[in-house]
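Chains, contacts and geometry: an overview
The chain contents come next:
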Amino acid sequence: MIRRPPRSTLDRSSAASDVYKRQTLFFAATILIATLISTTVVDSQLNQDQGTLLVVESPNLFVVSPAGGALRKVPLAKPIISVGGISGTRQIVVATRDEQGTPVVEKLLLPGEVLGRYPKPPYSFPSSFSPDGMFLLYQNIVEGTLILHDIEKNVGRKLFDVDKWERVLHPVMSPNGTLVAFSLFITGSPSVISRVCLLHVDAPFQRDRCIGERATFPAFSSDGTQLAYWEQTKSAPDPTWSIVVRKVSETGDWGGSNTVVSRDFPGMYEDRRIGRIGWSPDSKWLVWAVQKEHFSPFSELFRTQIDTGDTHNVPISRSWWTEFWREYVLPTDKNRIAFDFQWIPFPLEEYPEIRR
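Residues numbered from 1 in each chain as written. Predicted model: local features only at pLDDT ≥ 70, side-chain atom pairs only at ≥ 80, totals over all residues. Heavy atoms only, no water.

Considerations on the nonpolar core
Ranked by internal contacts, the top residues of the largest apolar core, which has 18 residues, are A228, W230, I243, I277, W279, L286 and W288. Those elements that provide at least two residues to this core are strand 16 (215-220), strand 17 (226-234), strand 18 (240-248), strand 19 (254-264), strand 20 (274-279) and strand 21 (285-291). With 17 residues, the next largest nonpolar core counts V56, L110, L348 and I354 among its residues. (Core = buried A, V, L, I, M, F, W, Y, C linked by side-chain atoms within 4.5 Å. Buried < 20%, exposed > 50% of the residue type's maximum accessible area, 1.4 Å probe, protein only. Helix = DSSP H or I, 4+ residues; strand = E, 2+ residues; numbered from the N terminus.)

Quick look at the pattern of salt bridges
Applying the stated rule across the entire model yields 13 salt bridges. For E350, the salt bridge is made with R90, and the minimal N-O distance between the two is 2.2 Å. Remark: R90 occurs in the loop between strand 5 (80-85) and strand 6 (91-97) and E350 occurs in the segment after strand 25 (339-344); sequence separation between them is 260 residues. For the salt bridge of D340 with R276, the shortest nitrogen-to-oxygen distance reads 2.8 Å. (Salt bridge = Lys/Arg side-chain N within 4 Å of Asp/Glu carboxyl O.)

Examining the packing of aromatic side chains
According to the stated counting rule, one finds ten aromatic pairs in the structure shown. With 5.5 Å between their ring centres and 25 degrees between their planes, F160 and F182 make a pair best called stacked. On the criterion of sequence distance, the pair formed by F160 in strand 12 (residues 155-161) and F182 in strand 14 (residues 179-186) is long-range, its members being 22 residues apart. Take F160 and F182: they sit in the same class, and that class is buried. Linked through ring pairs, W320, W321, F324, W325 and Y328 together constitute an aromatic cluster. Between the NZ or CZ atom of R276 and the centre of the ring of F341, over which it lies, the distance is 4.5 Å. Its end group placed over the ring of W285, R303 keeps NZ or CZ at 5.2 Å from the ring centre. (Phe/Tyr/Trp six-rings, centres within 6.5 Å; stacked < 30°, edge-to-face > 60°. Lys NZ or Arg CZ within 6 Å of the ring centre and 35° of its normal.)

Looking at the sheet that holds strand 23 (residues 311-314)
Judged by pairing direction, the sheet is antiparallel, and its four strands sit side by side in the order 20-21-22-23 without closing on themselves. The open sheet has two edge strands with one neighbour each: strand 20 and strand 23. Each neighbouring strand pair of the sheet contributes to a mean axis angle of 25 degrees, computed without reference to strand direction. Strand direction decides the pairing type here: strand 22 (residues 299-305) and strand 23, joined by four bridges, are antiparallel. Within strand 23, the residue paired with R303 across the bridge is H312. (Pairing = 2+ DSSP bridges. Axes fitted to C-alpha atoms, helices over the stretch in contact; angles between N-to-C directions.)

Points about the sheet that holds strand 7 (residues 103-109)
Pairing in this open sheet of four strands is antiparallel, and the strands run 5-6-7-8 from one edge to the other. At either end of the open sheet lies a strand with only one pairing partner, and these are strand 5 and strand 8 (113-119). Taking each pair of neighbouring strands and ignoring which way they run, the sheet shows an average axis angle of 25 degrees. As defined by bridge partners, strand 6 adjoins strand 7 across seven bridges and the pair is classed as antiparallel. Looking at strand 7, one finds that A95 is bridged to V105.

In structure tokens form, the structure reads like this:
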């Protein structure tokens, strides 16, 4: 015969069980609410019409939300080398190759309708597009000149000649088309010096107005009033690179500066890991790239709110096959990929034809 415990004991046991269940449910609900609040706070820091990131991982062009997500491939048959948005329109401009493999510039309407194809000047590396999509800015690597090239007219204009030990990298144009910023590398000194320079397109270049000794990757804000760039703020062997934002005038004069975010890079070759900087359409956020590891073919993206320095990873996911192929199958000297990005103002939802 089975003896039952007194009813008072059963009641106490049942009550304790109920209390435990309520505590467990309350704890789970608290965690869920906190997670939802945290997610809402992060998402609310970007506008509802936050726009879209165009991301180049050669030979492909992708779109992704500035908050992150899976890369969505734009269905283009041709290889993409670099990309730019055309301000005031829903068009983009890309550096690519035609059916015969000849370098060309194309203006496109997403997801891929070709609106125009133009010759790309020979020896035009490195290069970038003006915000209005009318010009290609590049250094002719044979002649050593910085060229402003009219894409549709196929006519170039020399801005200045580099000296023997100089090289121009990362040239960019201001939104109103009056200023050019670039990295000027000086290799004839005991250590390589990289400076950030401003050039008015209708005035002679003044080298003494360049700033920094280890500064690179300039980027104009979307409204053209500020310039962001990387600067080494702590030297090797454990260097620190910081993104500095400075005011700039329409005449090319420097204004006040603000260090927005810093990143430590223990070990050597840290300057090979930092990447380009972009701006949100409202000039309130920066998005910036860093190579994941020194020998990794992939870059990571981050976004930083300029006023607060609040920084978030922009998690982008790729197919397992892409990760495996790039990381392990290709030889290490061949797995480097051209990486570029552009933040355009049109929401990702406006491109449903680009497959998820």
